[in-house]
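Summary of the model geometry
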Amino acid sequence: MKKKIGITAAVILGILAVCYIGFAVFFQSHFCFGTTIDGIKVGGCSTAKVEQLIEEEIGGYELTLVEREDQTETITASQIGAAPVFHGEIEELLAHQNAFAWPVILFGKSALELEKTVAFDDTKFSGTIEALSCMQEENQRKPVDASCSGYSAADGYTLVPADYGTTIDETAWKNAVAEAVEGLEDTLDLEKSGCYVDPAVGDDDKDLLAVIDELNQYVASTVTYDFGDQKEVVDGSTISEWLSVLDGELEVDEEAVLDYVKGLAKTYNTAYKPKTLKTSYGKTVTIPESHYGWKIDTEKEIAQITSEIKAGKTVERELNYSMTANSHGKNDYGDSYVEINLTAQHMFLYKDGKLVIDSDFVSGNVSKNNATPTGAYGVTYTEKNATLRGENYETPVTYWMPFAGNVGMHDAYWRSKFGGSIYKYAGSHGCINLPPEVAKVVFENVKKNYPVLVYELPGTESTDATDKEEAKKVVKLIDALGTITKDSKEAVQKARNAYEKLTANDKVYVTNYDKLKKAEEKLQKLQKNSKE
């Protein structure tokens, strides 16, 4: 029995050995069972059979093209004449196979990879891809660069996204398709593969985004001009019209700013324009010659507003002026001014709407062509203890207030009379000669650019000094004092009170004022002696 079992085992082992050796010999020229090449089951196949299987697989190959705007197309192997090209790669895989390890391969599975070379017919390839929908001119939309929007009061400037279009970059496109086919790729994403002609300026362009930020900084500025009761506002809607981008650089159009400032000047400049004045005589005069008023300094203003816009500032201020005035109201000289009536030879000094002083004066000598010019002026400057010089004179004065070149107001201590018609035959070289005490008050109240309004008003001609009735009365009171005694107190006080009631100009015509002063001094002595 044991002998019989041994014989049976030997027979089985022999059969197994024959099978093992037989399969080992077989797998010298065939791939072991359980082997795959690139997913193709090739177990038991010869190299020729494997090539056949690969050819069949490639024959059914399709490449899906993923295009922009959710479009897809396919290219098949047959359309382009695609076929594998073998250069002994399969034989090389087989040569590396251990035929005697076939039982291990059988149960362990062997997944092999093959670097396949795929060839295609160039003519078919070109014809096929040229016929695709994405390659048709009517289906190719040119790219449009990203750009900056126009100005919006709500949003300022914003990015206008680029239109990336659907224009194919033919060189990149053909190379990408060929590479995908050669690699037997299932899909080709044209976007990711760089097959499109992209805009030169994309949505993420740093220079464009920087310009948009800068534009928005500029239009965020607000400049409010203060003209008293009126205001002018320069905001984004105006500023946006002054901005332009040239070669990627933001520029402020200074010509446009100049036009704007000129418009303001046309509206608000008052210099060199006629002035109207309701005179102290009740009548209104027009003074056509004007060297006083508001005048915008366009150069400085353009520089400042441009600087403020670039800095994105919000400010409220006055314009830059080369000439200024008192008021932005109806009358730019406001309610503080010197009124000089050449016809009446009388002046009035107003400050904050109140009369400070008025007085007769002597103006330029008409008979010698030295008439004082009419017009609206500003005091050029004020100077104390000045010396006035001309062709044939050199005169020191205590109070000097020029307003029209070398013409000005000053004290004239050498004159004993003012007003009337003196100016016609014995007037000044053009200046306004004032009584010293009047000149002092004027000097103390005016300053540089104080308005001086000089005019003529027929019908207001001044009377001569001999016609100063109130002054005459004071003269009589003083003459009537006679010899001063202690009982003269009431008469002296009456004369003094009458004198103080006179205007500064009329006081000039009290020719016996010194007599009043001496009477007062003598009365004081008498009173003092009586107390002792």
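Below, the structure is looked at part by part. (Residues numbered from 1 in each chain as written. Predicted model: local features only at pLDDT ≥ 70, side-chain atom pairs only at ≥ 80, totals over all residues. Heavy atoms only, no water.)

**What about the sheet that holds strand 27 (residues 432-434)?**
Spelled out, the test is: Any two strands are treated as partners once DSSP identifies two or more bridges connecting them. Helical segments are the DSSP runs of H or I of at least four residues, strand segments are the runs of E of at least two, and each set is numbered from the N terminus. As a rule, the C-alpha atoms of each element are fitted with a line to give its axis, helices using only the stretch in contact, and angles between N-to-C directions run from 0 to 180 degrees. Throughout, a contact is declared for two residues whenever any of their heavy atoms are within 4.5 Å.
Spatially, 4 strands are ordered 24-25-26-27 in an open sheet, and the strand pairing comes out mixed. Lying at the two open borders of the sheet, with one neighbouring strand each, are strand 24 (383-389) and strand 27. On average, each strand axis in the sheet is tilted by 45° relative to the strand beside it, whichever way the strands run. As defined by bridge partners, strand 24 adjoins strand 25 (residues 394-404) across 6 bridges and the pair is classed as antiparallel. In the sheet register, Thr-387 faces strand 25, and the bridge partner there is Pro-396. Lying over the sheet, helix 13 (residues 436-445) contacts strand 24, strand 25, strand 26 (407-411) and strand 27, oriented at roughly 45° with respect to strand 25.

**Things to note about the packing of helix 15 (residues 489-501) against helix 17 (residues 513-531)**
Heads up, the rule is: Throughout, a crossing is termed right-handed when the near helix is turned clockwise from the far one, and left-handed when it is turned anticlockwise from it by less than a right angle.
Helix 17 packs onto helix 15 with a crossing angle of 140° between their chain directions and a minimal axis gap of 10 Å. In the crossing of helix 15 with helix 17, the sense of the turn from one axis to the other is left-handed. Contacts from Lys-489, Val-492, Ala-495, Arg-496 and Tyr-499 of helix 15 reach helix 17 at Tyr-513, Leu-516, Lys-517, Ala-519, Glu-520, Leu-523 and Gln-527.

**So, the packing of helix 6 (residues 122-130) against helix 7 (residues 170-182)**
Threshold: Angles below 35 degrees are treated as roughly parallel, those above 145 as roughly antiparallel, those between 65 and 115 as roughly perpendicular, and all remaining angles as oblique. Each residue gets one label: Ala, Val, Leu, Ile, Met, Phe, Trp, Tyr, Cys and Pro are nonpolar, Asp, Glu, Lys and Arg are charged, and the others, such as Gly, are polar.
Remark: helix 6 packs on helix 7, axes separated minimally by 12 Å, with the N-to-C direction vectors making an angle of 120°. In terms of orientation, helix 6 lies oblique with respect to helix 7. At the point where helix 6 passes helix 7, the crossing takes the right-handed sense. Note on element contacts: helix 7 touches helix 6 through Glu-170, Trp-173, Lys-174, Val-177 and Ala-178, opposite Phe-125, Ile-129 and Glu-130. Counted by class, the contact of helix 6 with helix 7 contains 5 nonpolar, no polar and 3 charged residues.

**Overview of the pairing of strand 15 (residues 275-278)**
Using the following cut-off: Each residue gets one of three labels from its accessible area relative to the maximum for its type: buried under 20%, exposed over 50%, partly exposed in between, using a 1.4 Å probe on protein chains only.
In strand 15, alternate side chains face the same way, and those of Lys-275 and Leu-277 are buried while those of Thr-276 and Lys-278 on the opposite face are not. Relative to strand 16 (residues 284-287), strand 15 is paired through 4 bridges, and the arrangement is antiparallel. Counted as the bridge partner of Thr-276 is Thr-286 from strand 16. The turn joining strand 15 and strand 16, which pair antiparallel and follow one another in sequence, is formed by 5 residues; a positive phi near 95° is taken by Gly-282.

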